[in-house]
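For reference, the chains in residue letters:
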Amino acid sequence: MARVVLPEESTAEISELIDVLISLFFESLPRRDQRNWARVYLNGLVRTSGKKTIRNIAGTGASSVEQSLQQFISKSPWDWTPVRRSLAQHLERTAQRPLAWVVQPMVIEKAGDRSVGVGRQFVPQLGRTANCQQASGIWLASSEAGFPVEWTLTLPGPWTAELLRRRRAGIPDTARSLTPAQDAVHAVQRMAASWQLQRRPVVMEVSRSELPQCVEAFSLQDIPFVFKVDGTLPVSFGGAGRHKPGPHTAPARELIDSLRSQRRVVEWTRHGRTEGAVTLLTSAAIFATPGEDRLVPAPPTPLLLVGAWTEAALLPSEFWITNIGDRPLAQLFLLAKLTDRVALDFAEVCEPAGIRDFEGRSFRGWHHHATLASVAHAAMLLGPRGREAAPYPGPPRAAAAHPAVTAHPGMAAHPAATAHPGAGAHPAAGARTGATRAAPPPPVFPPRPVLPGQSPRREYIR
């Protein structure tokens, strides 16, 4: 992708903010020189053009600086967890109050085999086998912005089984070979247990084979979730009452399509765009079957399956499973679509900050780099001249007399938002940058499509 070059005025202002963030997030670093090298590295991530390697950050003819940065990033034994936790707690206290924790996979393709965690493996995001590292970021996301605060690096089997390779990379004795989804679930559990954050719904994509374990892991800690699933996923439904037949099993797509007469219309604005979009939603109560490896039988977990038709599509195309039963479908849909917000900020901010650019070979160095890239990402978004964004509108509102629902990022927050955990109203956008913002242009909606199964009484609310 093209690298973003910030104007000199912006980088100077961001550098001032970095000085503040050093005092906020790096108190756990015991020595002043460590905090100084953190400052140098952060400014390099923001200011350096091209790939954000240690050599490029140090600059030409500065071998002593390069050696010191190598020591600080790859060998210095400072703990990255307190820095990430402080970043997350700071974002919770500011105007960037998140609505969800979004799990964003990251694939880093490599040419060689020396980078920690690299290996030839099938990557669902690429749809092919690649020589790469697989990582996941846990992002605090609102409709305004997304911020990565925690990272996992998946270690293929050889990296934990081969003692020599493990020692060379400095992989901790506690690290195990898991799937990217399992690594992400464990990271979320650690955040929920010890980071002192308000729990938010976890939004992530889960494969069929890992769904039972993910549902069980989050249910045990009362962590709300919205899992994107494939339409071919078999789901169990019915049989809840004494005289009701069932349970039955059918693919998620088939069950949702059978409920097309109960669809509700949602008009919303895509992240990063001004034109409107139209989506139809419906839902069904289902049950999650416990994993086959469970030793003690457990009753099925009641869940909600949500399905969406994109504009004039004949069949539902997107599906989510959630344990959140007290929010309108439109709110659940907007939570699920925060993955688009995160993907946009990953491409526009996190990649330019060098999140993929670490070329070292140590486990510790990779996590140090990812931590500093996350702080640089926050500095670039929180800076006085960071990207302008419309304020979060609060949850969408449903009209009492109409089955349609509107959801426009840019409207004022609805008072009912405080009734739902994790949907807190946000301060004005001016609190983010300290500047007055012009009102965003109204969304431009596409022509009303002819929607299969829509009755004449079904109206759209603009």
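You'll find the structure just up there.
Just so we're clear, the structure is a prediction, and the values are computed from it rather than from any experiment.

Trainee: I'm lost on the overall build of the protein chain in this one. Help?
Mentor: The number of helices and strands found in the protein chain is 14 helices and 14 strands. Counting all 462 residues of the protein chain, 52% fall into the buried class. Counting only carbon and sulfur atoms, one obtains 53% of the accessible surface of the protein chain, whose full area is about 21200 Å².

Trainee: Can you walk me through helix H12 (residues 338–350) in this structure?
Mentor: Turn by turn, an α-helix covers 3.6 residues, leaving residues three or four places apart pointing in a common direction. Every buried residue of H12 is accounted for by Leu338, Arg341, Val342, Asp345, Phe346, Val349 and Cys350. Down the axis of H12, the sector holding all buried residues measures 135°, keeping them to one side. Close packing links the buried residues of H12 with strand S1 (100–109), strand S3 (128–141), strand S4 (146–153), helix H11 (329–336) and helix H13 (363–382).

Trainee: Before we go on, may I ask you to explain helix H2 (residues 32–47) in this structure?
Mentor: In this model H2 runs 22 Å from its N-terminal to its C-terminal C-alpha over 16 residues, within 8% of the 22 Å that 1.5 Å per residue would give. For H2, the full list of buried residues reads Gln34, Trp37, Ala38, Tyr41, Leu42, Asn43, Gly44, Leu45 and Val46.

Trainee: I would appreciate a short explanation of the environment of Trp80 in the present structure.
Mentor: Tracing the chain through its elements places Trp80 in helix H5 (residues 80–93). Sequence separation between Trp80 and His369 is 289 residues; the distance between their C-alpha atoms is 9.5 Å. Contact partners of Trp80, with chain neighbours within four places excluded, come to Phe363, Arg364, His367, His368 and Thr371.

Trainee: Would you mind showing me how to read the packing of H5 against H13 here?
Mentor: Two packed helices can be described by the angle between their axes and the distance between those axes. Where H5 meets H13, the closest approach of the two axes is 10 Å, and the angle between their N-to-C directions is 20°. Viewed along their axes, H5 and H13 adopt a mutual orientation that is roughly parallel. Of the two possible hands of crossing, H5 and H13 adopt the one that is left-handed. Mapping the contact onto sequence places Trp80, Val83, Arg84, Leu87, His90 and Leu91 in H5 and Phe363, Arg364, His367, His368, Ala370, Thr371, Ser374, Val375, Ala378 and Leu382 in H13. Looking at the contact of H5 with H13 residue by residue, the class counts come to 9 nonpolar, 5 polar and 2 charged.

Trainee: Mind showing me how you'd approach the packing of aromatic side chains here?
Mentor: This model, assessed by the stated rule, comprises 8 aromatic pairs. Ring geometry for Trp139 against Phe346: centres 6.3 Å apart, planes inclined by 55°, an arrangement best described as tilted. One end of the pair, Trp139, is in strand S3; the other, Phe346, is in helix H12, with 207 residues separating them in the sequence. Centroid distance Phe225 to Phe227: 4.2 Å. Interplanar angle 10°. Geometry classified as stacked. A single burial state applies to Phe225 and to Phe227, both of which are buried. Grouped by ring-pair contacts, the aromatic residues Phe218, Phe225 and Phe227 constitute a single cluster. The ring of Trp159 has Arg165 sitting right over it, with the charged end atom 4.5 Å from the ring centre. Seen from the ring of Trp309, Arg263 lies directly overhead, with NZ or CZ sitting 4.7 Å from the centre.

Trainee: Can you help me understand the nonpolar core in this one?
Mentor: Grouped burial of nonpolar side chains is what soluble globular proteins tend to show. Judged by nonpolar contacts, the single largest core of 125 residues is most densely connected at Phe26, Phe227, Ile321, Trp366 and Leu372. Residue contributions to this core peak at 12 residues, all from H13. Residues within four places of Trp366 in sequence aside, it is in contact with Met106, Ile108, Val116, Gln133, Ala135, Trp151, Thr152, Leu153 and Phe358.

Thresholds applied
- Residues numbered from 1 in each chain as written.
- Predicted model: local features only at pLDDT ≥ 70, side-chain atom pairs only at ≥ 80, totals over all residues.
- Heavy atoms only, no water.
- Helix = DSSP H or I, 4+ residues; strand = E, 2+ residues; numbered from the N terminus.
- Buried < 20%, exposed > 50% of the residue type's maximum accessible area, 1.4 Å probe, protein only.
- Areas by Shrake-Rupley, 256 points an atom, 1.4 Å probe, with all protein chains shown as cover.
- Arc of directions from axis to C-beta.
- Contact = heavy atoms within 4.5 Å.
- Expected span 1.5 Å × (residues − 1).
- Axes fitted to C-alpha atoms, helices over the stretch in contact; angles between N-to-C directions.
- Parallel < 35°, antiparallel > 145°, perpendicular 65-115°, else oblique.
- Left-handed = near helix turned anticlockwise from the far one by under 90°.
- Nonpolar A, V, L, I, M, F, W, Y, C, P; charged D, E, K, R; others polar.
- Phe/Tyr/Trp six-rings, centres within 6.5 Å; stacked < 30°, edge-to-face > 60°.
- Lys NZ or Arg CZ within 6 Å of the ring centre and 35° of its normal.
- Core = buried A, V, L, I, M, F, W, Y, C linked by side-chain atoms within 4.5 Å.

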